[in-house]
Amino acid sequence: MRVLLEARGLSKSFPSVRALDGVDFTVRAGEVHALMGENGAGKSTLIKVLTGVYQRDAGDTQFEGKSINPASPRAAEACGISTVYQEVNLIPHLSVAENICLGRQPTRIGMIRWGAIRERARKALARLDLNIDVNRQLSSYSIAVQQMVALARALDVSAKLLILDEPTSSLDEREVAELFKVISKLRDEGMGIVFVTHFLDQVYAVSDRITVLRNGALVGEYPVAELPRLHLIAHMIGKPVEEVEAMSHPHRDEEERLPSTPFMSVVNYGRTGSIQPFDLAIRPGEVVGLAGLLGSGRTEIARLLFGVDKADSGEMQVGGNVVRINSPRAAMRYKIAFTTEDRKAQGIIPNLSIRENIVLALQASRGAWRKISRIKQDELADRFIKALGIKTPGPEQLIKNLSGGNQQKVLLARWLATEPNLLILDEPTRGIDVGAKAEIEKLIASLRKDGMAILFISSELEEVVRDSQRVLVLRDRKVVGELIGDQITERAIMNTIAAPTPEGTAA
Amino acid sequence: MSMLLIGHVVFWLVYAAILFVWRKQRIFWPLLALALLLLFNQIFTPGFFDLEIRDGRLFGSRIDILQQSTKVMLLALGMALVIGTGGVDLSVGAIMAVAGAVMAQLVVMHQCSPTVAILAALGVALAAGALNGLLVASFGIQPIVATLILMVAGRGIAQLISDGQAIPFSNETLSFIGSGYFLGLPFALTIVLIMLGITCLFTRKTALGLFIESVGDNDTASRFSGINARLVKFCVYIFCGLCAGIAGIVSTSNISRADANYTGLYLELDAILAVVIGGTALTGGRFYLVGSLVGALLIQTLTTTMYARNVSADIAPVPKALVIIAVCLLQSEKVRRFFARLLPAKKQTG
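Residues numbered from 1 in each chain as written. Chains lettered and ligands numbered in written order. Predicted model: local features only at pLDDT ≥ 70, side-chain atom pairs only at ≥ 80, totals over all residues.

Caption draft 1: Quick look at the overall build of chain B. What chain B contains, in helices and strands, is 16 helices and six strands. On C-alpha atoms alone, chain B measures out to a radius of gyration of 21 Å, which is about the 20 Å that the 2.2 N^0.38 rule sets for 350 residues. Here the C-alpha coordinates of chain B stretch approximately 70 × 60 × 40 Å along the principal axes. Pairs at least 24 apart in sequence give 77% of the contacts found in chain B among residues at least 6 apart. (Helix = DSSP H or I, 4+ residues; strand = E, 2+ residues; numbered from the N terminus. Rg over C-alpha atoms; globule rule 2.2 N^0.38 Å. Contact = placed C-beta atoms within 7 Å.)

Caption draft 2: Layout of the overall build of chain A. Along the backbone of chain A there are 19 helices and 22 strands. Taking 507 residues into account, the globule formula puts the C-alpha radius of gyration at 23 Å, and chain A, at 25 Å, falls close to it. Counting across all 507 residues of chain A, residues that qualify as buried make up 48%. (Buried ≥ 20, exposed ≤ 12 C-beta atoms within 10 Å, placed from the backbone.)

Caption draft 3: Fine view of the interface of chain A and chain B. Counting residues at the interface gives 24 residues for chain A, matched by 21 residues for chain B. Among the secondary structure elements, those contributing two or more residues to the side of chain A that touches chain B are helix H11 (328-333), helix H12 (343-346) and helix H13 (354-366) of chain A. The element contributing the most residues to the side of chain A that touches chain B is H13(A), with six residues. Residues that form the side of chain A that touches chain B fall into these classes: 14 nonpolar, six polar and four charged. (Nonpolar A, V, L, I, M, F, W, Y, C, P; charged D, E, K, R; others polar.)

Caption draft 4: Examining the environment of Leu171(A) more closely. Residue and element names in this part refer to chain A. Examined against the element boundaries, Leu-171 turns out to sit in the loop between strand S9 (161-165) and helix H6 (173-188). For Leu-171, a count of 17 C-beta atoms within 10 Å gives the class partly exposed. Placed 103 residues apart in sequence, Leu-171 and Ser-274 show a C-alpha to C-alpha distance of 9.6 Å. Not counting the four nearest positions on each side in its chain, Leu-171 is found in contact with Ile-143, Ala-144, Gln-147, Val-176 and Leu-179.

Caption draft 5: Here's a closer look at the sheet that holds S9(A). Residues and elements named next belong to chain A. Across the sheet, which stays open at both edges, the six strands sit in the order S6-S9-S10-S3-S11-S12 with mixed pairing between neighbours. The open sheet terminates on both sides in strands that have one partner only, identified here as strand S6 (81-84) and strand S12 (217-223). Strand after strand, the sheet turns through a mean of 20 degrees between neighbouring axes, direction not considered. Pairing geometry for strand S11 (residues 209-214) and S12, over six bridges, is antiparallel. Looking at the pairing, Arg-209 lines up with Pro-223 of S12. Where helix H8 (residues 229-237) meets the sheet, its contacts fall on strand S3 (32-36), S11 and S12, and the angle it forms with S11 comes to roughly 30 degrees. (Pairing = 2+ DSSP bridges. Axes fitted to C-alpha atoms, helices over the stretch in contact; angles between N-to-C directions.)

Caption draft 6: The arrangement of the packing of H8(A) against helix H18 (residues 490-498) of chain A in detail. Residues and elements named next belong to chain A. Their axes nearest at 9 Å, the elements H8 and H18 cross at an angle of 120 degrees. Accordingly, the angle class assigned to the pair H8 and H18 is oblique. Read as a crossing pair, H8 and H18 show a hand that is right-handed. Where H8 abuts H18, its residues Arg-229, Leu-230 and Ile-233 lie against Met-494, Asn-495, Ile-497 and Ala-498. (Parallel < 35°, antiparallel > 145°, perpendicular 65-115°, else oblique. Left-handed = near helix turned anticlockwise from the far one by under 90°.)

Caption draft 7: Structural detail: the pairing of strand S4 (residues 58-63) of chain A. Residue and element names in this part refer to chain A. Looking at chain direction, strand S1 (residues 3-14) and S4 are connected through five bridges and run antiparallel. The residue of S4 that forms the bridge with Leu-5 is Phe-63. Of the pairings in the sheet, the one linking S4 to strand S5 (residues 66-68) comprises three bridges and is antiparallel in character. Bridge pairing in S5 links Gln-62 to Ser-67. Linkage of S4 to S5, two consecutive antiparallel strands, is achieved through a turn of two residues, within which Glu-64 is found at a positive phi near 50 degrees.

Caption draft 8: Region of the structure containing the packing of helix H3 (residues 61-84) of chain B against helix H12 (residues 267-277) of chain B. All names here are of chain B. Running from amino to carboxyl end, H3 crosses H12 at an angle of 65 degrees, the nearest separation of the two axes being 8 Å. You can see that H3 and H12 cross each other, and the crossing is right-handed. Each of Lys-71, Val-72, Leu-75, Ala-76, Met-79, Ala-80 and Ile-83 in H3 lies in contact with H12, whose residues at this interface are Leu-267, Asp-270, Ala-271, Ile-272, Ala-274 and Val-275. Residue composition of the contact of H3 with H12, by class: 11 nonpolar, no polar and two charged.

Caption draft 9: How the structure looks around the confidence of the model for chain A. All names here are of chain A. Per-residue confidence for chain A gives a mean pLDDT of 86; residues scoring 70 or more make up 93%. Looking across chain A, the model is least confident in helix H19 (residues 502-506), with a mean pLDDT of 44, and most confident in H13, with 95. Under a pLDDT of 50 for its full length, residues 247-254 has, in the predicted model, 10 contacts with residues more than four places off or in other chains. When the criterion is pLDDT under 50, residues 503-507 qualifies, and its contacts beyond four places in sequence or with other chains add up to 13 contacts. (pLDDT = per-residue confidence, 0-100.)

Caption draft 10: Up close: the sheet that holds strand S16 (residues 313-318) of chain A. Residues and elements named next belong to chain A. On the basis of which strands lie adjacent, the open sheet formed by four strands has the order S14-S13-S16-S17 and antiparallel pairing. Looking at which strands have only one partner, the edges of the open sheet turn out to be strand S14 (275-282) and strand S17 (321-323). When strand polarity is set aside, the average angle formed by the axes of neighbouring strands in this sheet is 25 degrees. Bridge analysis of strand S13 (residues 264-271) against S14 gives five bridges, and the strand direction is antiparallel. Bridging across to S14, Tyr-269 finds its partner in Phe-278.

Caption draft 11: Looking closely at helix H8 (residues 187-204) of chain B. Residues and elements named next belong to chain B. For H8, spanning 18 residues, the distance from its first C-alpha to its last is 26 Å, which sits close to the expected 26 Å at 1.5 Å a residue. Of the residues making up H8, those classed as buried are Ala-188, Val-192, Met-195, Thr-199 and Thr-203. For H8, the buried positions fall inside an angular range of 70 degrees around the axis, keeping them on one side. Of the residues in H8, the exposed ones pointing more than 90 degrees away from the buried face are Ile-194, Gly-197 and Leu-201. Those residues of H8 that are buried are in contact with H3, helix H7 (172-179), strand S5 (185-186), helix H9 (208-217), helix H11 (229-255) and helix H13 (289-308). (Expected span 1.5 Å × (residues − 1). Arc of directions from axis to C-beta.)

Caption draft 12: Representation of the domain arrangement of chain A in the model. The assigned domain composition of chain A is domain 1 (3-245), domain 2 (262-335 + 421-429 + 451-488) and domain 3 (342-419). The C-alpha-based centres of domain 1 of chain A and domain 3 of chain A are spaced at 43 Å. (Domains from an automatic or database assignment.)

Caption draft 13: Focus on unusual backbone geometry. Positive phi is not limited to glycine here, since Lys335(A) has a value of about 65 degrees. In this fold, Lys335(A) is placed in the loop between H11 and strand S18 (336-339). In this model, Leu183(B) sits at a positive phi of 55 degrees, which is unusual for a non-glycine residue. Considering the arrangement of structural elements, one finds Leu183(B) in the loop between strand S4 (181-182) and S5.

Caption draft 14: Examining the confidence of the model for chain B more closely. Residues of chain B with pLDDT of at least 70 account for 97%, and the chain-wide mean is 90. Note that pLDDT drops below 50 for residues 346-350 of chain B; the model gives that stretch one contact with residues more than four away or on any other chain.

Caption draft 15: Examining the environment of Gln363(A) more closely. Topologically, Gln363(A) is positioned in helix H13. Under the C-beta neighbour-count criterion, Gln363(A) is labelled buried, with 26 such atoms within 10 Å. Each C-alpha atom, one on Gln363(A) and one on Asn351(A), is 18 Å from the other, the two residues being 12 residues apart in sequence. Dropping the residues within four chain positions of it, Gln363(A) is found in contact with Ile372(A), Ala207(B) and Leu210(B).

Caption draft 16: Examining the pairing of S3(A) more closely. Residue and element names in this part refer to chain A. Within S3, five of the five residues are buried, which leaves the element mostly enclosed by the surrounding structure. Burial along S3 is two-sided: the face carrying Val-32, Ala-34 and Met-36 and the face carrying His-33 and Leu-35 are both buried. Two elements, S3 and strand S10 (residues 192-196), share four bridges in a ladder whose sense is parallel. Within S10, the residue paired with Leu-35 across the bridge is Val-196. As judged from the four bridges shared by S3 and S11, these two strands associate in the parallel manner. Looking at S11, one finds that His-33 is bridged to Arg-209.

Shown next, in the form of structure tokens:
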């Protein structure tokens with residue numbers, strides 16, 4: 001196959017981090033090349049360097065035998081490199097035709113030729129077998145169609161290399177299949193396609209070759225047929241394949257007697273486009289872990305159980321009664337608590353004090369009129385600062401001035417103050433130092449002993465394995481397996497993630 | 001003469017004491033700015049600090065300032081809460097006009113008692129606030145756009161109510177509200193203090209204040225913590241409407257005339273400015289009620305100063321703007337740090 005793009009030794013540093021470190025990347029004409037890696041592996045940076053969003057610090061890119069260094073996405077487009085980004089970044093209020101031709105409208109003596117625009121848009125869409133009214137506003141179409149329009153826009157500039165950055169993250173299965181048909185067609189026309197995704201099934205369904213990055217460095221390039229899933233995962237998370245395969249069972253405490261009736265159970269609970277229906281029961285004194293790659297639906301489950309998103313199928317029981325939880329307030333009435341993954345956007349109230357941040361959820365559950373007295377507030381704050389070892393000069397310190405780990409502890413305190421029966425922890429240890437991580441894991445264990453039910457989500461498999469009595473494994477927004485007690489090992493989790501499913505590969 | 005001197009000394013001693021007590025608070029900076037402005041007048045504007053007692057009432061420029069600033073102070077109380085939630089209410093000036101028109105029309109055309117007229121005016125103001133709240137909280141329209149609707153339409157509504165002309169009226173009760181005296185001071189000031197008391201009570205003795213600041217600081221996180229963010233926003237717009245209604249009643253009663261065109265004209269901008277001068281960030285979060293009142297006083301003092309110094313009304317906004325920029329810069333941490341770095345020698349010796 002003819003080599004289309006060949007990058008050698010690409011490096012890119014940001015003030016605090018070396019995002020790309022001498023990465024080689026080769027794309028041939030007529031292949032679909034998957035770019036894989038965990039978050040922060042450097043996939044986005046690599047793409048942004050290739051498409052001119054960032055300027056490389058070192059290295060060289062050859063495109064069709066010529067050395068290029070695009071200074072902007074427009075310059076990259078002029079070379080023949082087009083990109084479709086994860087989020088549709090078109091303009092919703094313009095028509096489909098305008099979106100496709102925006103910035104390169106055919107003109108005659110400075111006047112836009114609307115007829116030509118519509119004609120061109122229709123042609124570009126026809127190439128994708130899409131027949132829609134190009135005069136209608138873009139936002140009147142589904143996300144999937146908008147994604148196709150974005151693709152048509154990318155193809156409109158006689159692209160030779162097409163980069164798809166997580167194009168499927170907001171599509172359902174049928175729409176993904178539709179997209180893959182188009183991708184295959186473009187490949188057969190001789191286009192080079194770079195495909196970035198978190199969905200393993202999709203990688204194996206559509207790609208010819210895989211390049212794996214980790215921590216900004218190249219791990220390797222493999223033909224799909226020669227890279228079993230387990231190996232791919234091992235490469236992505238940075239463990240030798242042998243170690244992953246030979247991973248031993250960790251020592252596990254003797255299974256304590258748990259009450260047989262669950263605190264909360266859901267049956268066939270799901271939400272279209274977010275998480276496929278799943279069953280889950282969680283007993284007091286039990287830690288249930290959710291494992292899966294990023295974007296596999298872990299957070300979606302948490303949001304559903306806490307009422308941030310509303311379920312559109314299934315039913316939930318709390319303490320044996322059927323309940324409907326369609327808001328965080330409703331969840332809190334049933335003594336459910338949720339610390340979010342995104343501390344900054346969804347957790348802390350940055351300009352309020354530690355004390356105020358701690359009492360917030362308890363106060364919200366009491367309502368505005370029954371104010372917690374200042375004395376009680378100070379007691380609560382002092383108690384949790386001591387109990388969780390929050391490092392701060394005092395309770396009146398603004399939470400934004402604390403380190404990530406201490407902010408996380410304050411958020412834990414906020415929910416512990418409401419004395420929940422079920423605590424949902426979404427990535428409680430992300431981005432905090434090792435010491436704080438250990439403390440939070442210790443806390444989880446002691447809360448469990450006190451009879452709290454805990455749903456624990458973490459990207460770090462070791463933590464999930466260490467802390468959980470039961471683990472649900474997720475892939476592609478679907479619960480694909482459940483491991484109990486001694487079955488819980490990193491290897492078992494990875495095997496479950498990697499096991500192909502017939503529906504997935506059919507796409 | 002010596003009495004006058006003693007009066008000045010007492011005034012400045014009390015002011016200095018207040019500044020000292022609040023030296024670590026946010027309110028220190030607007031208070032300091034106000035002090036500088038007053039000091040300027042003390043030195044350069046003859047007669048500015050004169051204070052007379054006639055018929056048991058106080059007269060003087062400072063009393064005029066208090067009387068004149070009551071409208072903006074009332075608006076600023078409601079506006080502070082709205083801005084605290086990260087919103088803004090542009091319609092308060094128009095709501096003042098509507099409330100004034102309703103009150104005057106009821107008194108003049110329908111011979112209603114002042115109590116009924118006032119209650120009706122307040123009812124209309126509450127409804128206007130509720131409309132704003134509905135648009136912002138339930139329909140998720142950006143506050144600046146949602147309240148722009150009433151800002152523009154409100155004056156039209158006021159014109160409709162008053163049949164397109166100013167309505168003069170004479171009513172003892174109403175003129176007492178607008179220009180009467182209570183305990184030697186303008187009665188409107190009493191209304192401001194009562195409203196300040198009520199607002200403090202509701203925001204600091206209940207958890208409403210915490211909820212407002214929390215919603216303004218991080219809306220998503222607040223909802224995730226179980227706060228009914230929509231209800232909180234809805235309530236502050238209603239309260240802001242109520243404050244605007246009271247301001248409209250005070251303003252209309254003060255001149256015994258309801259004028260749909262001029263009642264409360266541009267006062268929404270003064271109110272926003274007063275809140276910002278008071279230390280509340282337009283991005284929401286912590287709000288400062290007393291600070292907002294000081295902000296309103298500062299704006300009025302500026303206006304009165306211009307007037308007293310015969311600055312023509314046409315160019316008065318220019319020096320006014322300069323002073324306000326200075327006050328805002330004074331509050332900025334960055335600017336203060338910048339100046340602190342410029343004066344390292346002073347810091348070492350001090």
